[in-house]
Amino acid sequence: NAGVTQTPKFQVLKTGQSMTLQCAQDMNHEYMSWYRQDPGMGLRLIHYSVGAGITDQGEVPNGYNVSRSTTEDFPLRLLSAAPSQTSVYFCASSYSSVSGNTIYFGEGSWLTVV
Amino acid sequence: AQSVTQLDSQVPVFEEAPVELRCNYSSSVSVYLFWYVQYPNQGLQLLLKYLSGSTLVESINGFEAEFNKSQTSFHLRKPSVHISDTAEYFCAVSDRYSTGFQKLVFGTGTRLLVSP
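### Observations regarding the overall build of chain A
Line of reasoning, step 1. The secondary structure content of chain A amounts to 0 helices and 11 strands.
Line of reasoning, step 2. Across chain A, helices and strands are ordered from the amino to the carboxyl terminus as β-β-β-β-β-β-β-β-β-β-β.
Line of reasoning, step 3. For a compact globule of 114 residues, the expected C-alpha radius of gyration is about 13 Å, and chain A comes in at 13 Å, within 12% of that figure.
Line of reasoning, step 4. If you line up chain A on its principal axes, its C-alpha atoms span 45 × 30 × 25 Å.
Line of reasoning, step 5. Every one of the 114 residues in chain A was classed for burial, and the buried ones make up 48%.
Line of reasoning, step 6. Relative to all contacts within chain A whose residues are 6 or more apart in sequence, the contacts with residues 24 or more apart total 53%.
Line of reasoning, step 7. As displayed, chain A offers around 5200 Å² of accessible surface, 51% of which is attributable to carbon and sulfur atoms.
Line of reasoning, step 8. If you average the places of the 6 positive and of the 8 negative side-chain charges in chain A, the two averages end up 11 Å apart.

In structure tokens form, the structure reads like this:
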């Protein structure tokens, strides 16, 4: 059981370039989300999805696009990378239960924009 | 809306010593509380969580946290740390009454450094 898989693990981009961070989960979870982690700021929610075809903005959505065409995949797109998007990105999948959401995180993608 | 404060950005401690990592939260509604651990170059793993019932919750590796409603705190403790506990620890909250996708609000993290 792979859980939540993110690719690539490391990436260097030039300002203005575009790229897609891939995220896949094999647990049939209904919810998926993207967070960014910056020093001294913890994790902040970028976008999330409550099911295939349904996405919504989180706390810091500007500069990022998402789509969810299947239950398994939730890619994060940077259309025109900026140095401010240098960060560590975490994808997560989760499901709801009587005890709230149970959340599983991927291992992270380190992105540097120069 | 909720917010989480972790006052200590870094806590150095010697092996086998006790440790407390502090977490305070602010919320206008009842919350679920979580502690996540992140080992170097890895993703976040759930350490323990408070949902309801006993205010003292424990993890399988010896950590415990106590929910204190009057002080709006959820401090993490371990009576004797190991070198392998070196990691970053994040406190987080979510709205207890939110249905569907629950947004986690994280603190800024505390780096626990255990030395021999």
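### A look at the confidence of the model for chain B
Line of reasoning, step 1. Taken residue by residue, chain B gives an average pLDDT of 92. The fraction at 70 or more is 100%.
Line of reasoning, step 2. Model confidence for chain B, summarised as mean pLDDT per element, is weakest for strand β6 (residues 44-50) of chain B at 91 and strongest for strand β3 (residues 19-21) of chain B at 98.

### Comments concerning the pairing of strand β5 (residues 42-51) of chain A
Residues and elements named next belong to chain A.
Line of reasoning, step 1. Of all the 10 residues making up β5, 9 are buried; the element is thus mostly covered by neighbouring parts of the structure.
Line of reasoning, step 2. Where strand β4 (residues 31-38) hands over to β5, the hairpin turn is made up of 3 residues, of which glycine 40 adopts a positive phi near 75°.
Line of reasoning, step 3. Here β5 hands over to strand β6 (residues 54-57) after 2 residues, with glycine 53 in that stretch at a positive phi of 85°.

### Let's talk about the environment of A:Ser33
Line of reasoning, step 1. Topologically, A:Ser33 is positioned in strand β4.
Line of reasoning, step 2. The sequence separation of A:Ser33 and A:Ile46 amounts to 13 residues, and the corresponding C-alpha distance is 7.5 Å.
Line of reasoning, step 3. For A:Ser33, the residues in contact, after removing those within four places along its chain, are A:Leu45, A:His47, A:Tyr48, A:Phe74, A:Phe90, A:Cys91, A:Ala92 and B:Phe101.

### Let's talk about the interface of chain A and chain B
Often, the extent of an interface is quoted as the loss of accessible area on bringing the components together.
Line of reasoning, step 1. Listed by partner, the interface residues are 25 residues for chain A and 18 residues for chain B.
Line of reasoning, step 2. Three residues, A:Leu43, A:Asn101 and A:Phe105, lead the burial of chain A against chain B; their summed loss comes to 26% of the area buried on that side.
Line of reasoning, step 3. Put simply, chain A and chain B have 0 salt bridges between them.
Line of reasoning, step 4. Linking chain A to chain B there are 1 residue pair in polar contact (both at pLDDT 80 or more).
Line of reasoning, step 5. Of all elements in the fold, only β4, β5, β9 (87-97) and β10 (100-105) of chain A reach the threshold of two or more residues within the side of chain A that touches chain B.
Line of reasoning, step 6. Classifying every residue of the side of chain A that touches chain B gives 12 nonpolar, 11 polar and 2 charged.

### Digging into the nonpolar core
Line of reasoning, step 1. Counting residues in each nonpolar core, the largest one holds 28 residues, and the members touching the most others are B:Trp35, B:Leu48, B:Phe74, B:Leu76 and B:Tyr89.
Line of reasoning, step 2. Elements with a contribution of two residues or more to this core: β2 (10-14), β3, β5 (31-38), β6, β8 (64-68), β9 (73-78), β10 (87-95) and β12 (110-115) of chain B.
Line of reasoning, step 3. With residues up to four places along the chain from it excluded, the contact list for B:Tyr89 reads B:Gln6, B:Leu21, B:Trp35, B:Tyr36, B:Val37, B:Leu47, B:Phe63, B:Leu76, B:Gly109, B:Thr110 and B:Leu112.
Line of reasoning, step 4. Within the second largest apolar cluster, 20 residues are counted, among which are A:Tyr31, B:Phe34, B:Leu104 and B:Phe106.

### Notes on the state of the cysteines
Line of reasoning, step 1. Counted according to the given criterion, the structure contains 2 disulfides over all chains.
Line of reasoning, step 2. Here A:Cys23 connects covalently by a disulfide to A:Cys91, the sulfurs 1.8 Å from one another. Disulfide A:Cys23-A:Cys91: torsion about the S-S bond near -75°, hence left-handed. Placement of the pair is A:Cys23 in strand β3 (residues 19-25) and A:Cys91 in strand β9, with a sequence separation of 68 residues.
Line of reasoning, step 3. Overall, A:Cys23 belongs to the buried group, its relative accessible area being 2%.
Line of reasoning, step 4. The disulfide bridge from B:Cys23 ends at B:Cys91, spanning 2.0 Å between sulfur atoms. For the disulfide bridge between B:Cys23 and B:Cys91, the dihedral angle about the S-S bond is near -65°, and by the sign convention the bridge is left-handed. In this pair, B:Cys23 sits in the loop between β3 and β4 (24-27) while B:Cys91 sits in strand β10, placing the two residues 68 residues apart along the sequence.
Line of reasoning, step 5. A relative accessible area of 0% means that B:Cys91 is categorised as buried.

About the cut-offs
Residues numbered from 1 in each chain as written. Chains lettered and ligands numbered in written order. Predicted model: local features only at pLDDT ≥ 70, side-chain atom pairs only at ≥ 80, totals over all residues. Heavy atoms only, no water. Helix = DSSP H or I, 4+ residues; strand = E, 2+ residues; numbered from the N terminus. Rg over C-alpha atoms; globule rule 2.2 N^0.38 Å. Buried < 20%, exposed > 50% of the residue type's maximum accessible area, 1.4 Å probe, protein only. Contact = heavy atoms within 4.5 Å. Areas by Shrake-Rupley, 256 points an atom, 1.4 Å probe, with all protein chains shown as cover. Lys, Arg positive; Asp, Glu negative; His and termini not counted. Charge placed at Lys NZ, Arg CZ, Asp CG, Glu CD. pLDDT = per-residue confidence, 0-100. Pairing = 2+ DSSP bridges. Buried area = accessible area lost by both parts, 1.4 Å probe. Salt bridge = Lys/Arg side-chain N within 4 Å of Asp/Glu carboxyl O. Polar contact = N/O pair within 3.5 Å; in protein donor to acceptor, adjacent residues only side chain to side chain. Nonpolar A, V, L, I, M, F, W, Y, C, P; charged D, E, K, R; others polar. Core = buried A, V, L, I, M, F, W, Y, C linked by side-chain atoms within 4.5 Å. Disulfide = S-S within 2.5 Å.

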